[in-house]
Number of protein chains: 10
Amino acid sequence: MEFLVSIEVRLPQSMTEPERTRLAAAEAERAAELAAQGTLLRVWRVPGRRANRGLWSAPDATALHAALCSLPLWPYLEIEVQALAAHPSDPGPR
Amino acid sequence: MEFLVSIEVRLPQSMTEPERTRLAAAEAERAAELAAQGTLLRVWRVPGRRANRGLWSAPDATALHAALCSLPLWPYLEIEVQALAAHPSDPGPR
Amino acid sequence: MEFLVSIEVRLPQSMTEPERTRLAAAEAERAAELAAQGTLLRVWRVPGRRANRGLWSAPDATALHAALCSLPLWPYLEIEVQALAAHPSDPGPR
Amino acid sequence: MEFLVSIEVRLPQSMTEPERTRLAAAEAERAAELAAQGTLLRVWRVPGRRANRGLWSAPDATALHAALCSLPLWPYLEIEVQALAAHPSDPGPR
Amino acid sequence: MEFLVSIEVRLPQSMTEPERTRLAAAEAERAAELAAQGTLLRVWRVPGRRANRGLWSAPDATALHAALCSLPLWPYLEIEVQALAAHPSDPGPR
Amino acid sequence: MEFLVSIEVRLPQSMTEPERTRLAAAEAERAAELAAQGTLLRVWRVPGRRANRGLWSAPDATALHAALCSLPLWPYLEIEVQALAAHPSDPGPR
Amino acid sequence: MEFLVSIEVRLPQSMTEPERTRLAAAEAERAAELAAQGTLLRVWRVPGRRANRGLWSAPDATALHAALCSLPLWPYLEIEVQALAAHPSDPGPR
Amino acid sequence: MEFLVSIEVRLPQSMTEPERTRLAAAEAERAAELAAQGTLLRVWRVPGRRANRGLWSAPDATALHAALCSLPLWPYLEIEVQALAAHPSDPGPR
Amino acid sequence: MEFLVSIEVRLPQSMTEPERTRLAAAEAERAAELAAQGTLLRVWRVPGRRANRGLWSAPDATALHAALCSLPLWPYLEIEVQALAAHPSDPGPR
Amino acid sequence: MEFLVSIEVRLPQSMTEPERTRLAAAEAERAAELAAQGTLLRVWRVPGRRANRGLWSAPDATALHAALCSLPLWPYLEIEVQALAAHPSDPGPR
């Protein structure tokens, strides 16, 4: 099942630059793992914001929640999930 | 350039069933053309609603607008477009 | 997988009383079928409104959409779906 | 009387990990008590968020408020309550 | 149990003046009955609008819904219900 | 003139428990005075929230503002005021 | 007591031009009367919209409601009223 | 040109009482100057809130912005500006 | 003075195709006149919608309102106006 | 491709005056560079707010994001981007 996931990143002003750098690297690494296992299918930046829109795949909402919680930035993320149903005109993931 | 397009379908109550059927067929045909030419990349139904979320590709917003206007259902669509920027963690369209 | 489904009923003012009565009976019948097959688990009225909140179960969003479309009142419903994930403190459906 | 309760958890960034762990354990314990006494009927996670949706039962809004205040996380919760009326198509709590 | 009920009246433009007058009279009569039986405790106009805010009393949300449905204007009303809990500083209905 | 007053209490996380207790006692005392002088007619808790809805009486908005400012919790309150007009179906304050 | 009144005019598409002209003239006449009696103090157009913002004076919300209802356009108006309190820095109506 | 200006005051909880008193005095003094020079025409308190609605006059939005920035409380103000157009029924500033 | 003007076009479903064509031509002609006289500086389509965002210049809000009212589509437009102030970093209209 | 960019500046209360001055100077310098290279076409202040509306030009959303991130105030900006399509009535940038 696919999900459209909207994420806004809310880093506290008090976070130091090294901590931000460290977290960003860990986040990229974890995203690569989730992509490799087919959970994170696509992700885009929302221009002008620390935010992204992503296409995720998971057996159900419980598994999706576990994947999202595994992100190192998780404590700082504001997330909205839209469950997606199949559309007859979908060209498919190719 | 990719765009996230949110579409709500607002068919007037007065539209007859045959007209709906005819329009739906024409819409599916046009969607197939747009998919074949690489403009409509993915599309999903929003469960419970006559609505969809789609991933579209177009050179710019002007070309995207032309593609959306070419949909037979266009006069009845309520559309929101979100321009997307590349994200370093995007696994890509594969 | 469970879903929280919010439904507002928007009957056109032009609908005749007999048509309303007929539709309400058909709706109740279909709801009973969906309940019998375990798709509609619970449903409540929102006090003061032609609206309900329901707990639905379906394999995924595509199956849920099919179930919602099968409601006789479907053309007149405004629906929001919230996918639900398991919570460790859930006493369960008993 | 049943209520649909929407809870968002807003833990302060300054809360230490041990304090979070301690509170989560106390919360789970209290939730179990409320479930055992028939006040908390069902609860689900909202995927991607520290949030839940729950089905609660209480004699009235005053008793429900007392139950919600008894949660250890109470000072950090943002809560919306929707009173529910019986629906003739409800399969019941079975 | 008390409820704060917000009602907006949405009469169709096509309703004739005699029908409006007839409905207004029936509404006032039914309101008087609900007041006499202790269901409608207080009601105020929202200045500038065909709208009111009311304090209602009913055993639960199901009974409140039945009372609201009994209003002759019911098909034209947009209603929001807020369940109320007791407050220790309430001077009481006196 | 009567007013419907909606109050959300936003206590800072840094406030100590003794200070909260002291403020709550002072608030209850002031509310009792305002009730005694006929300014605070009714007040209810919004279930699940540090919030209340109240029915206030004051000669005009200026006097109401003065009464609200006199609450010890005033610096922490988020307040919305709805001026109320008389409704012909109001059973009255009894 | 003064009130800030926000009015959006929603004329039905079906209204004929002569009817619009007649109503506009009647509205202007009634506005002049309300201004002469000191109820309508100031009124401005919201640029780009059939809408206005006005400063009104009335003994209380009930009297204000009566004044607003007396407008010939009343059945087509969407109105929001903000009760105003005196401000120590107000230069006054001069 | 006239403007309707909505101001919400957001003082930080950390501001000391003497600083608040000093700022309030400076604000009143600057408001008096702006009133004297015909920039601030009227101002009202929103009952129950540290907020006001004001009628301002300035040659254009740039001049209005300069006037608003000159307020001592400026760093703590949340401001919305509505440009106003002349209305034929306006009784005028007298 | 410059204004940012947001326009949504709401054509009634009942409007015939010839009437739409005639109105669109008249609108384009009037827009050209407003551009020629320096009132309409720039205008863009919002992709996917019958809507536009425009940069307008007018002595004040009253003159802007007159210009907007002169559009043949005016009865069908939903308009929001944002007054603009000069910014020191503006490269200017060049 | 052109974009309409809405920016709200959210400086933390804890930022010192010298830091604000230094950042404002760096921001103006960077804005001048972006204007010189044709990325920032126009920018206006929203009267009464630390906010601006700007017209930006960039090959696509990815390039626009890079330009916005290059602003020294970037960590404190809340940004909304609206992609713009060509309009046949646009007088053009002259």
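Residues numbered from 1 in each chain as written. Chains lettered and ligands numbered in written order. Predicted model: local features only at pLDDT ≥ 70, side-chain atom pairs only at ≥ 80, totals over all residues. Heavy atoms only, no water.

S.K.: What exactly am I supposed to notice about the overall build of chain A here?
M.R.: The secondary structure content of chain A amounts to two helices and five strands. Based on the C-alpha atoms only, the size of chain A along its principal axes is roughly 50 × 25 × 25 Å. Across the 94 residues that make up chain A, the buried fraction comes to 53%. Here the contacts in chain A between residues at least 6 apart in sequence split such that 67% fall between residues at least 24 apart. Accessible area for chain A stands at about 4100 Å²; split by element, carbon and sulfur atoms hold 53% of it. (Helix = DSSP H or I, 4+ residues; strand = E, 2+ residues; numbered from the N terminus. Buried < 20%, exposed > 50% of the residue type's maximum accessible area, 1.4 Å probe, protein only. Contact = heavy atoms within 4.5 Å. Areas by Shrake-Rupley, 256 points an atom, 1.4 Å probe, with all protein chains shown as cover.)

S.K.: Help me understand the interface of chain J and chain B, please; the structure alone is not making it clear to me.
M.R.: When the parts of a complex come together, some accessible area is lost, and that lost area is often taken as the interface size. Chain J puts ten residues into the contact, and the matching count from chain B is ten residues. Summed over both sides, the interface of chain J with chain B buries roughly 710 Å², with 75% coming from carbon and sulfur. Taken together, the links from chain J to chain B amount to zero salt bridges. Of all the elements in the fold, those that place two or more residues in the side of chain J that touches chain B are helix H2 (61-69) and strand E5 (85-86) of chain J. Counting residues per element, the side of chain J that touches chain B draws most heavily on H2(J), which supplies three residues. (Buried area = accessible area lost by both parts, 1.4 Å probe. Salt bridge = Lys/Arg side-chain N within 4 Å of Asp/Glu carboxyl O.)

S.K.: Got a minute to help me understand the pattern of salt bridges in this structure?
M.R.: Opposite charge on two side chains permits pairing when their charged atoms draw close. On inspection of all chains with the given rule, the structure shows 80 salt bridges over all chains. A salt bridge links E:Glu2 to F:Arg42; the shortest N-O distance between them is 2.9 Å. Of this pair, E:Glu2 sits in strand E1 (residues 2-9) while F:Arg42 sits in strand E2 (residues 40-45), on two different chains. Pair check on accessibility: E:Glu2 and F:Arg42 agree, each one buried. The salt bridge partner of H:Glu8 is H:Arg53, with a shortest N-O separation of 3.6 Å. Of this pair, H:Glu8 sits in strand E1 (residues 2-9) while H:Arg53 sits in strand E3 (residues 51-57); the two residues are 45 residues apart in sequence, bridging distant segments of the chain. Across this residue pair, the class does not change: H:Glu8 and H:Arg53 are buried. Among the charged side chains, a salt-bridge network with shared partners connects A:Glu8, A:Arg49, A:Arg53 and J:Glu80.

S.K.: It is not clear to me how the relation of the copies chain J and chain B should be interpreted in this structure. Could you clarify?
M.R.: Each of the two copies of the chain can be brought onto the other by a rotation about an axis and a shift along it. Between chain J and chain B, which share one sequence, the superposing operator has a rotation angle of 180 degrees and an axial displacement of 0.0 Å; the RMSD is 0.0 Å. Both chain copies can therefore be described as sitting about a two-fold axis. No C-alpha of chain J approaches the rotation axis more nearly than that of J:Ala83, which lies at 3.2 Å. Take the interface residues of chain J: 100% of them recur as interface residues in chain B, which is what a same-surface contact looks like. (Least-squares fit on C-alpha atoms with pLDDT ≥ 70 in both.)

S.K.: What exactly am I supposed to notice about the arrangement of the chains here?
M.R.: Where chain B comes nearest to chain G, the C-alpha atoms are still 16 Å apart, and the two do not contact one another. Between chain E and chain J there is no contact, and the shortest C-alpha to C-alpha distance separating them is 30 Å.

S.K.: Is there a simple way to think about the sheet that holds strand E4 (residues 77-83) of chain F in this case?
M.R.: Sheet strands pair via backbone hydrogen bonds, and the direction of the pair is either parallel or antiparallel. Spatially, five strands are ordered E5(E)-E2(F)-E3(F)-E1(F)-E4(F) in an open sheet, and the strand pairing comes out antiparallel. Across the chains shown, the open sheet's two edge strands, defined by having one partner strand only, are strand E5 (85-86) of chain E together with E4 of chain F. Examined bridge by bridge, E2(F) and strand E3 (residues 51-57) of chain F share five bridges and lie antiparallel to one another. Bridge pairing links F:Trp44 to F:Arg53 in E3(F). (Pairing = 2+ DSSP bridges.)

S.K.: Any chance you could explain the interface of chain A and chain B here in plain terms?
M.R.: On the chain B side, the residues contacting the 29 residues of chain A number 29 residues. Here chain A meets chain B over a buried area of about 2500 Å², counting both sides, of which 61% is carbon and sulfur. A per-residue breakdown of the area chain A buries against chain B is headed by A:Arg42, A:Trp44 and A:Arg45, which together make up 24% of the total. Linking chain A with chain B are four salt bridges, by the criterion used here. The tally of links between chain A and chain B comes to ten residue pairs in polar contact (both at pLDDT 80 or more). Listed by contribution, the elements that provide at least two residues to the side of chain A that touches chain B are strand E1 (2-9), helix H1 (17-36), strand E2 (40-45), strand E3 (51-57), strand E4 (77-83) and strand E5 (85-86) of chain A. If you tally residues by element for the side of chain A that touches chain B, the top one is E2(A), at six residues. Where E2(A) lies against strand E5 (residues 85-86) of chain B, two bridges are found, and the strand directions are antiparallel. By the bridge assignment, A:Arg45 is partnered in E5(B) with B:Ala85. (Polar contact = N/O pair within 3.5 Å; in protein donor to acceptor, adjacent residues only side chain to side chain.)

S.K.: When you look at the sheet that holds E2(A) in this model, what are you seeing that I'm missing?
M.R.: Here five strands make up an open sheet; going across it, the order is E4(A)-E1(A)-E3(A)-E2(A)-E5(B) and the pairing antiparallel. Only two strands of the sheet have a single neighbouring strand rather than two, namely E4 of chain A together with E5 of chain B. Against the sheet, helix H2 (residues 61-69) of chain A contacts E1, E3 and E4 of chain A, and its axis sits at roughly 30 degrees relative to E1(A). (Axes fitted to C-alpha atoms, helices over the stretch in contact; angles between N-to-C directions.)

S.K.: When you look at the relation of the copies chain A and chain B in this model, what are you seeing that I'm missing?
M.R.: Superposition record for chain A on chain B: RMSD 0.0 Å, screw rotation 180 degrees, translation along axis 0.0 Å. When the interface residues of chain A are mapped onto chain B, 100% of them are again interface residues, pointing to one common binding face.

S.K.: How do you make sense of the side chain of B:Glu8 when you look at a structure like this?
M.R.: Residues and elements named next belong to chain B. Relative accessible area serves as the criterion here: at 13%, Glu8 is assigned to the buried category. There is a polar contact of 2.9 Å between the side chain of Glu8 and the side chain of Arg49. When residues no more than four places from it in sequence are discounted, the contact partners of Glu8 are Arg49, Arg50, Ala51, Arg53, Tyr76, Leu77 and Glu78.

S.K.: Mind showing me how you'd approach the pairing of E1(A) here?
M.R.: In regular strands, side chains alternate between the two faces of the sheet. Residue and element names in this part refer to chain A. Counting buried positions along E1 yields seven of eight residues, so the element is predominantly enclosed. Across seven bridges, the pairing between E1 and E4 is antiparallel. Within the sheet, the bridge partner assigned to Val9 lies in E4 and is Leu77.

S.K.: Honestly, the environment of C:Ala24 in this entry has me stumped. Any pointers?
M.R.: Residues and elements named next belong to chain C. Structurally, Ala24 can be placed in helix H1 (residues 17-36). Ala24 gets classed as partly exposed once you look at its relative accessible area, which sits at 46%. Note: C-alpha distance between Ala24 and Pro72 (48 residues apart in sequence) is 8.4 Å.

S.K.: Looking at this model, I keep getting lost on the environment of I:Leu73. Mind explaining?
M.R.: The residue I:Leu73 is located in the loop between helix H2 (61-69) and strand E4 (77-83) in this model. Each C-alpha atom, one on I:Leu73 and one on I:Gly92, is 30 Å from the other, the two residues being 19 residues apart in sequence.

S.K.: Help me understand H2(J) in this model?
M.R.: Each α-helix turn comprises 3.6 residues. Residues three or four places apart therefore point the same way. All names here are of chain J. Those residues of H2 not exposed but buried are Ala61, Leu64, His65, Ala67 and Leu68. Looking down the long axis of H2, one finds its buried residues gathered within 160 degrees of arc, a one-sided arrangement. For H2, the side-chain oxygen to backbone nitrogen distance between the N-cap and Thr62 is 3.2 Å, and the N-cap itself is Asp60. (Arc of directions from axis to C-beta.)

S.K.: Could you clarify how one ought to interpret the pairing of strand E1 (residues 2-9) of chain D in this entry?
M.R.: One ladder, built from seven bridges, connects E1(D) with strand E3 (residues 51-57) of chain D; its direction is antiparallel. In the sheet register, D:Phe3 faces E3(D), and the bridge partner there is D:Trp56.

S.K.: Looking at this model, I keep getting lost on the confidence of the model for chain A. Mind explaining?
M.R.: Note that predicted coordinates carrying low pLDDT should not be read in detail. Averaged over all residues, the pLDDT of chain A equals 96, while 99% of them reach at least 70. The ipTM for the predicted assembly is 0.94, set against a pTM of 0.97. (pLDDT = per-residue confidence, 0-100.)

S.K.: What is the right way to look at the side chain of F:His87 in this model?
M.R.: On the secondary structure map, F:His87 appears in the segment after strand E5 (85-86). According to the relative accessible area criterion, F:His87 is buried, its value standing at 19%. Separated by 3.0 Å, the side chain of F:His87 and the backbone nitrogen of F:Ser89 make a polar contact. Those residues in contact with F:His87 that lie beyond four places of it in its chain are E:Val43, E:Trp44, E:Arg45 and E:Asn52.

S.K.: Hey, could you run me through H1(C) in this one?
M.R.: Residue and element names in this part refer to chain C. Between its first and last C-alpha atoms H1 spans 29 Å; for 20 residues at 1.5 Å apiece the expected length is 28 Å, and the two agree. What H1 keeps buried is the set Arg20, Leu23, Glu27, Ala31 and Leu34. Seen end-on, H1 carries its buried residues on one side only, within an arc spanning 75 degrees. Of the exposed residues in H1, the ones pointing more than 90 degrees away from its buried face are Pro18, Glu29 and Ala36. Contacts made by the buried residues of H1 are with strand E2 (40-45), strand E3 (51-57), helix H2 (61-69) and strand E4 (77-83). Of the residues one or two after H1, Gly38 is the one with positive phi, at around 80 degrees. (Expected span 1.5 Å × (residues − 1).)

S.K.: For this particular structure, what's the right way to read the environment of D:Arg45?
M.R.: Secondary-structure assignment places D:Arg45 in strand E2 (residues 40-45). Remark: the alpha-carbon pair of D:Arg45 and D:Met15, spanning 30 residues in sequence, is separated by 22 Å. Non-local contacts of D:Arg45, meaning those with residues more than four positions away in its chain, are made with A:His65, C:Leu84, C:Ala85, C:Ala86, C:His87, C:Pro88, D:Ala51 and D:Asn52.

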